[in-house]
Amino acid sequence: MKWSVYNSAGNAGQGLRSPQAISVNNGMMTISGNSAGTTGGMSAKFSRQQYGRYEVRMRTSANEPQYHAVSILWPDTTSAKCSEIDFAEQNGNLAGINFFLHYGCANGVQTYATKPLDLTQWHNYAVQVCPSGVTGYVDGQAWFKDTNPAHQPGQSMHQTLQLDWFPTGQPTKPATMNVDWVRDYSINGTGSGASGTVAATPQC
């Protein structure tokens, strides 16, 4: 009840996003992608706030680089500059994670970083959005930061979890994206209350 599950065409209109592609067993959520490009995604109904900290513990299978596991902050309403924060994205390379801060509607208007990492293993990914900028973390260590005011979303956003299909014309093998947990926190007492449990509210 806390998530909206996609039932639509896939990323860029390719393949399908089906509720049947998502399952929960033993406390772990799995999004499966099959050989025909049927996969899944979901968006949070909670913690819709301009400033906050968002975390996800996830891994992806090594089966298929045409499937991209991604955790995103997406605008709650239409964004004039197409704001989007992909704070943990696998884009075909299972040996590295990517961070993309989109701040314009044209292709490639973004700042980004790439970090070597074994994505088949569990890692904790986080993004903290503050009035002073956007910071990305992997396993508690900061590795991305953008403090340019023109790049900041400037509006309320929410988290999404997606296994997106990027077909190359080659046969597609099934793949999975596993999520152990998702947490979100307010910042300095702003935004909604924290869904997770921490000793202190994150500070900007």
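So, here is what we can say about the structure in this document. Here the structure is a predicted model, which means the values were calculated and not measured.

## What about the nonpolar core?
Formed by 34 residues in total, the largest nonpolar core has its most connected members in I85, F87, F99, Y125 and V127. It is strand β16 (residues 157-165) that contributes the most residues to this core, four residues altogether.

## Considering the state of the cysteines
Summed over all chains, the structure comprises two disulfides. The side chain of C82 participates in a disulfide bridge whose partner is C105; the two sulfur atoms lie 2.0 Å from each other. Looking down the S-S bond of the C82 and C105 bridge, the torsion is 95°, so its handedness is right-handed. A residue pair is termed long-range when its members are at least 10 positions apart, and C82 in the loop between β9 (67-75) and β10 (84-89) and C105 in the loop between β11 (96-102) and β12 (110-116) qualify at 23 residues.

## Observations regarding the sheet that holds strand β7 (residues 41-44)
The antiparallel open sheet is built from seven strands, whose spatial order is β1-β7-β16-β9-β10-β11-β12. Across the chains shown, the open sheet's two edge strands, defined by having one partner strand only, are β1 (3-5) and β12. Direction aside, neighbouring strands of the sheet carry axes that sit 15° apart on average.

## Structural notes on the packing of aromatic side chains
The relation between two aromatic rings is expressed through the spacing of the ring centres and the mutual angle of the planes. This structure, assessed with the given rule, holds four aromatic pairs. Note on W3 and F46: the rings are 5.3 Å apart at their centroids and 85° apart in plane angle, and the pair reads as edge-to-face. With W3 in strand β1 and F46 in the loop between β7 and β8 (52-60), the pair connects residues that are 43 residues apart, well separated along the chain. When its relative accessible area of 21% is taken as the criterion, W3 is described as partly exposed. With 6.3 Å between their ring centres and 80° between their planes, F99 and W143 make a pair best called edge-to-face. Linking F99 in strand β11 with W143 in strand β15 (residues 141-146), this pair joins segments that are 44 residues apart in sequence. F99 gets classed as buried once you look at its relative accessible area, which sits at 0%. W143 sits in the buried class, given a relative accessible area of 17%.

Procedures and definitions
- Residues numbered from 1 in each chain as written.
- Predicted model: local features only at pLDDT ≥ 70, side-chain atom pairs only at ≥ 80, totals over all residues.
- Heavy atoms only, no water.
- Core = buried A, V, L, I, M, F, W, Y, C linked by side-chain atoms within 4.5 Å.
- Buried < 20%, exposed > 50% of the residue type's maximum accessible area, 1.4 Å probe, protein only.
- Helix = DSSP H or I, 4+ residues; strand = E, 2+ residues; numbered from the N terminus.
- Disulfide = S-S within 2.5 Å.
- Pairing = 2+ DSSP bridges.
- Axes fitted to C-alpha atoms, helices over the stretch in contact; angles between N-to-C directions.
- Phe/Tyr/Trp six-rings, centres within 6.5 Å; stacked < 30°, edge-to-face > 60°.

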